[in-house]
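Listed below, chain by chain, are the residues.
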Amino acid sequence: MNAAVVAVERVSKWYGQVIGLNDISAEVHPGVTGLLGPNGAGKSTLLKLIAGQLKPSKGSVRVFDESVWGNPGLFFRVGFCPEQDSFYDQMTGLEWVTALVRLNGFSESEATEAARLAMDSVDLLDAADKKIGAYSKGMRQRVKLAQAVVHGPDLLVLDEPLAGMDPVARRQVIKLIKGWGSSGKSVLVSSHILHEIESMTSTILLMNHGRILAEGDIAAIRGLIDEHPHKIRIRLSDPRAFARGFLDHVGLRSLCLEEGALVIETENPDAFYSRLTEVAASGALGDVQEVSSPDDNLQAVFEYLVK
Amino acid sequence: MSTPLTSNVPVVPSFFRSAVRVYELSLGRMLWSRRTLFMALVVGGPVAVALVLRLLAALDLLSLTGGVDFVDSANQRVTIDGPGIFGLMVWGFYLRFSVPLLGVFYGTSLIADEIEDKTITYLFTRPLSRCAVLAGKYFAYLVSTGLVLLPSVMLVFFLVVSLLGGSIGAAFPSLVTDLALLAVGLAVYGALFMLIGTWFRRPLLTGLVFILGWEPIVAVVPGYLKRFTVSYYLEGLAPHAMPQDRAVTGILGVMQVSEVVPSVAASLIGLGLILVGGLSLSAWVVERREYVIEQ
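Now for a quick tour of the structure. All of these numbers come straight from a predicted model, not from anything done at the bench.

### Focus on the environment of Arg10(A)
Residues and elements named next belong to chain A. Within the secondary structure layout, Arg-10 lies in strand β1 (residues 6–15). C-alpha separation for the pair Arg-10 and Val-61, spaced 51 residues apart in sequence, amounts to 8.9 Å. Residues in contact with Arg-10, not counting those within four places in the same chain, are Asp-23, Ile-24, Ser-25, Lys-58 and Gly-59.

### Let's talk about the packing of aromatic side chains
The way to describe two aromatic rings as a pair is by their centre distance and the angle between their planes. Residue and element names in this part refer to chain B. One pass over the structure, following the stated rule, counts 17 aromatic pairs over all chains. Ring centres of Phe-124 and Tyr-291 lie 5.9 Å apart, and the angle between their planes is 45°; this geometry places the pair in the tilted category. Remark: Tyr-291 occurs in the segment after α11 (264–288) and Phe-124 occurs in helix α5 (residues 120–124); sequence separation between them is 167 residues. Between the aromatic rings of Tyr-189 and Phe-193, the centroid separation amounts to 5.8 Å while the plane-to-plane angle is 10°, which identifies the pairing as stacked.

### As for the side chain of Arg140(A)
Residues and elements named next belong to chain A. Examined against the element boundaries, Arg-140 turns out to sit in helix α4 (residues 137–149). Judged by its relative accessible area of 11%, Arg-140 is buried. Arg-140 has contacts with Asp-85, Phe-87, Asp-89, Ile-132, Gly-133 and Tyr-135, leaving out every residue within four places of it along the chain.

### A word on the sheet that holds strand β11 (residues 230–236) of chain A
Residue and element names in this part refer to chain A. If you trace the four strands from one edge of the open sheet to the other, you get β12-β13-β11-β14, paired in antiparallel fashion. The strands lining the two open edges of the sheet, one partner per strand, are β12 (252–258) and β14 (288–292). Neighbour-to-neighbour, the strand axes of the sheet open up by a mean angle of 20°, direction not taken into account. Note that β11 and strand β13 (residues 261–266) share six bridges and pair antiparallel. Bridge pairing links His-230 to Thr-266 in β13. Helix-sheet contacts for helix α9 (residues 269–282) involve β11, β13 and β14, and the interaxial angle to β11 is about 10°.

Thresholds applied
- Residues numbered from 1 in each chain as written.
- Chains lettered and ligands numbered in written order.
- Predicted model: local features only at pLDDT ≥ 70, side-chain atom pairs only at ≥ 80, totals over all residues.
- Heavy atoms only, no water.
- Helix = DSSP H or I, 4+ residues; strand = E, 2+ residues; numbered from the N terminus.
- Contact = heavy atoms within 4.5 Å.
- Phe/Tyr/Trp six-rings, centres within 6.5 Å; stacked < 30°, edge-to-face > 60°.
- Buried < 20%, exposed > 50% of the residue type's maximum accessible area, 1.4 Å probe, protein only.
- Pairing = 2+ DSSP bridges.
- Axes fitted to C-alpha atoms, helices over the stretch in contact; angles between N-to-C directions.

Structural data, given as structure tokens:
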């Protein structure tokens, strides 16, 4: 096994009286590692600790064998894509990524070149000169990824990078992340959706209630998931047409129409997501704008696991 | 799609270079904001008044070439000329009102805005010290507030002094002194409010309480409390920038300017301590503080 890129040792983190992480230890190695857990599990706290944005209350977090808190030099080798959907909206995507990589010491011309390449790598070059404020949710997610990779880091820390993306953009980003992993970078990516993590990697850290429940291969918990119906919310232009198109889908348990959205419960999420991506790409059943998965179903699996 | 550049052997940018990069990133955001529009309207007020007076004078509807008459505390009629009126405006409007207001609005927002907008993470995950981020933002503050305030002061000088019968050439050195004094005020208030912005949860409210509550109140309370204000030390520098005559002294009395003012040396030391203390403590807080950004 390669040397650990990230080593978290007996780390606890308190927010006043509230415990965010409870005595966790974990390692991240080259390749893609998925951090899976329901909302409130402590995933973001762990990622912020690894990205040096928080200081552990107890224990140590080391990245490339250096303590990360108060060590800005490490950010030459680390790229962080935060969860929050916040930008300098009045700047264009290219200006923003250029300005940020200038902070890494790049000259104006180097920064512009690197930013163009990064925008291209997330398939956003065509929109590079548009203001970020005018970007769609998927584009905003991708420009966040561009700023994380622009300086060519060895470790990428990505907090819910697929949140709110449409299926086509989601597929592109999953491909990107897998590509970064296979190119030798270490990628730590969080999600509360097992299907997303599974499509990127088989190496996972499973978290709940501030603890790591399991780490290693995803197959071990895969079977458990299928016992629990998976709920998916799709925001789209024509929910009725979409519902009609999916009525015959294998494993479908329920369909619930909402205003401009459809909530589907399925026992076969893999097949569903696969068909959803095809349908979204073809545009046959209208425009699919956003796909999200409430984590209630995943919460049920975690509760089952910790019993 | 292509692969992003991989940097060569990384060299940590110097503190100064990092601060300049942050300055470049921050200046545009600071200048083109609603805050700047509001402050430009505030400091544009005297310019507008001076322009109206100029227009009236040009149309022979008003003649102020002999200065403006006042009745002082001894019930005697006194006349203040252009430089005197300008000096009063510098003290009464710019130094005691506009500079603290600019300091509060911009200074408290330097870090607080990035936290509120949840964009601070992008700055703190780059290979530069947090102090360099702070320094770059402070430079941007000085330039932004200077660009908002100083043109207004110069315009008012040129419009008012000659209108009220003063000589622009003779009064010009005092303009330079006034501009320097205002720049010092901006620097000191900025450092103080930057500290409040990094430390307090509601920095704008705290800052407004300081400039609209604490400073005016302790200015009229006898004792040592006024030493814990910025205006006390600025006051020690201000009279040297204004013409000294009976009328000005009388009006300053009405404006509750303390009779006991610190010496220039004491003022400079006091302001220097606030400046250095504000900057150092801000840096200390920012380097140690965890900024928890919630989605």
